[in-house]
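# A structural walkthrough
Listed below are the residues making up each chain.
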Number of protein chains: 2
Amino acid sequence: MRTEIASLGEFGLISHLTDHIQVSNPSTIKGIGDDAAVLEYKEKEVLITTDLLLERIHFDLTYVALKLLGYKAAISGFSDIYAMNGQPKQLTVSIGVSKRFSVEDLEEFYMGIEYACERYGVDIVGGDTSSSLTGLTISITCIGEADKDKIVYRNQAKNTDLICVSGDLGSAYMGLQLLEREKAIHQDEKEFTPDFAGKEYLLERQLRPEARKDIIDSLSKNNILPSSMIDISDGLASELLHICKQSNVGCVIYEERIPIDYQTAMMAEQFNMNLTTVALNGGDDYELLFTVPLALHEKISQIEGIHLIGHIVDAEEGTHLVTRDQTQIPLTAQGWNPVSMEEEEGEEEKE
Amino acid sequence: MRTEIASLGEFGLISHLTDHIQVSNPSTIKGIGDDAAVLEYKEKEVLITTDLLLERIHFDLTYVALKLLGYKAAISGFSDIYAMNGQPKQLTVSIGVSKRFSVEDLEEFYMGIEYACERYGVDIVGGDTSSSLTGLTISITCIGEADKDKIVYRNQAKNTDLICVSGDLGSAYMGLQLLEREKAIHQDEKEFTPDFAGKEYLLERQLRPEARKDIIDSLSKNNILPSSMIDISDGLASELLHICKQSNVGCVIYEERIPIDYQTAMMAEQFNMNLTTVALNGGDDYELLFTVPLALHEKISQIEGIHLIGHIVDAEEGTHLVTRDQTQIPLTAQGWNPVSMEEEEGEEEKE
């Protein structure tokens, strides 16, 4: 079943995709349907973050279902709000779509967004819909709330603070490698059933990540306020360097303490990749990296899913990784999604 | 002078474009540089609107300078906030760029955005930067403030209300036609100097529109609160039908009262186009369409730049235009930027 988008028209399409959407947060006064959404944040600060997701830069529809893509797009917005120690409350979703996509495709995409919003208690309150000459373009803006004195920035890490990460690192990146390999192997087949047995966790981390609301809630329940925090979307090394630069401090982290899942380690070996490099530079983890005062050592150690990987030092001491054989090497950010400046498709020249 | 974006890298590029940006509104607590911007809206409601602008769908860089494109992108966001009877206060700017663009190109684009923000008192507080395979992608989110009891929606127009528009209509559309004609005539020339003498107003309306802050401020100064309002970005007919549908009312507007500039009329004649169709369906006007109670007739008539073009009737009476020869014809929306579902460039097929 394929319904052409043109058969609905712009306003028809928007109605079709959004008419059933309900809002439920008290801070949402007016959602979709006017020139702007209206929100009320009298008691809390407003947090705003925005992400642009472009086909074949951020996602490959060869192996990503549109429903999962919608879910992940929403999660990436939520994750930024949690990284401020806030709670996401509203989302706007803009899409540019070419003729290649059907109404049913967009329904799938919206289902993924809606499912994520439902799970995390977020209202869809607006967006924009446009035609596109070039595949799928997605822009997500997430709005969240936080108490002013509980907001955690990147620039308040202090000497002797402990460096903590949630979950495990590098698994989403290995999931991507696995998908890319299967795509390359089966590139001439119209339908293929790759063998992912025993690697489900890696795929789940790449294709259906979660944002760490649970960690934010645990910290709050235990009265722990991090001194700095960031979400890991571009790799641990890159994010830790952001915290150090903005806080004007240095750091030491220990290779042996970086949390890595068994499947990640197995896959890295299969691919002949350096596991630590994968964990330091792999993207899409959506884990939280944060610092807490040293005095909270015992308290933070008892929270499930949080790993202490090092500590903050003076800026003059630099930013280092201590390897398993006790060598201290400078931490560098490869970055994950650099503006690598792809050649443009098509022939056009700018005049 | 051309600096390649790749020479700066993603983080270098963001720093280069945004490090000098200052914020000045009291509601801006933290701008660019963290996982999310932090805003404080304790006294006012928060308004949020978002626009997606795609190359060759929404703009043609053959004849649009990047600085003007930046300016117009910001204006389109502000206009939506004014249409709620609010004041824009913050903006986020996301861009996807291909290798075709240089650092200097993006500086130009940002200069346009910054100039618009400076003129309208808006802070740039965030965004996202990505590489793109397909030219320039722009996503703008504008945040504004309004008093709760002063917000004007689309759904409160009442029978007998007067229908008002600001400025004049169709001029931006005729500016576009003019640019398209010159592009077609000179398409084989590398540099061309088209003759726009006597048509400057049309070009200005297309290339460098303003948002009607002045009208919102006039209404407020005169204690006039519209019953409904919308900004005219897709054409008068389409926007008026939105108000009628959402307010569950009908309307009568008079052809002879639709405000049209002399240059618009001249160009329409040259192009052999129906002037009323141009005024009803031309896009990009960024004027305000609103309704006020009949009792405000005298007061509203005295405000400069506002034109009374008709009145609201019962839903059963339908939505009509009364032509110059007193014929009543149904109002229909051609729409301006429908999802016309262009063929995609390149060869790819979805699997």
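Just above, that's the structure.
The sections below set out a description of the structure shown in this document. (Residues numbered from 1 in each chain as written. Chains lettered and ligands numbered in written order. Predicted model: local features only at pLDDT ≥ 70, side-chain atom pairs only at ≥ 80, totals over all residues. Heavy atoms only, no water.)

### As for the relation of the copies chain B and chain A
Screw-axis analysis of chain B against chain A gives a translation of 0.0 Å along the axis, an RMSD of 0.0 Å, and a rotation angle of 180 degrees. Each copy turns onto its partner about a two-fold axis. Taking C-alpha positions as the reference, the residue of chain B nearest the rotation axis is B:Lys42, at 2.1 Å. A share of 100% of interface residues in chain B that are also interface residues in chain A marks the association as one of identical surfaces. (Least-squares fit on C-alpha atoms with pLDDT ≥ 70 in both. Contact = heavy atoms within 4.5 Å.)

### Structural notes on the interface of chain B and chain A
The interface is formed by 86 residues belonging to chain B together with 86 residues belonging to chain A. Buried surface at the junction of chain B and chain A, both sides included, amounts to about 7,900 Å², of which 53% is carbon and sulfur. Counting across the interface, chain B meets chain A through 8 salt bridges. For B:Asp34, the salt bridge is made with A:Arg154, and the minimal N-O distance between the two is 3.6 Å. Linking chain B to chain A there are 20 residue pairs in polar contact (both at pLDDT 80 or more). For the side of chain B that touches chain A, the element with the highest residue contribution is strand S3 (residues 45-54) of chain B, accounting for 9 residues. Here the side of chain B that touches chain A is built from residues that sort into 31 nonpolar, 25 polar and 30 charged. As paired elements, strand S2 (residues 37-39) of chain A and S3(B) share 3 bridges and run antiparallel to each other. Following the sheet pairing, A:Leu39 is matched in S3(B) by B:Val46. (Buried area = accessible area lost by both parts, 1.4 Å probe. Salt bridge = Lys/Arg side-chain N within 4 Å of Asp/Glu carboxyl O. Polar contact = N/O pair within 3.5 Å; in protein donor to acceptor, adjacent residues only side chain to side chain. Helix = DSSP H or I, 4+ residues; strand = E, 2+ residues; numbered from the N terminus. Nonpolar A, V, L, I, M, F, W, Y, C, P; charged D, E, K, R; others polar. Pairing = 2+ DSSP bridges.)

### Quick word on the packing of helix H4 (residues 171-185) of chain A against helix H8 (residues 262-270) of chain A
All names here are of chain A. At a minimum axis distance of 9 Å, the contact between H4 and H8 shows a crossing angle of 45 degrees. Overall, the two elements H4 and H8 adopt an arrangement that is oblique. Read as a crossing pair, H4 and H8 show a hand that is left-handed. Of the residues in H8, those in contact with Ser-171, Met-174, Leu-178 and Arg-181 of H4 are Thr-264, Met-267, Ala-268 and Gln-270. (Axes fitted to C-alpha atoms, helices over the stretch in contact; angles between N-to-C directions. Parallel < 35°, antiparallel > 145°, perpendicular 65-115°, else oblique. Left-handed = near helix turned anticlockwise from the far one by under 90°.)

### A look at the packing of aromatic side chains
All names here are of chain A. Under the criterion given, the structure shown has 8 aromatic pairs over all chains. Geometrically, the ring pair formed by Tyr-82 and Tyr-120 is tilted, given 6.3 Å between the ring centres and 50 degrees between the ring planes. Residue Tyr-82 is located in helix H2 (residues 66-82), and its partner Tyr-120 is located in helix H3 (residues 103-120); the two are separated by 38 residues in the primary sequence. Residue Tyr-82 is classed as buried on the basis of its relative accessible area, which comes to 0%. Looking at Tyr-120, the relative accessible area reads 10%, which means it is buried. Three or more aromatic residues joined by ring pairs make a cluster, and in this case those are Phe-78, Tyr-82 and Tyr-120. (Phe/Tyr/Trp six-rings, centres within 6.5 Å; stacked < 30°, edge-to-face > 60°. Buried < 20%, exposed > 50% of the residue type's maximum accessible area, 1.4 Å probe, protein only.)

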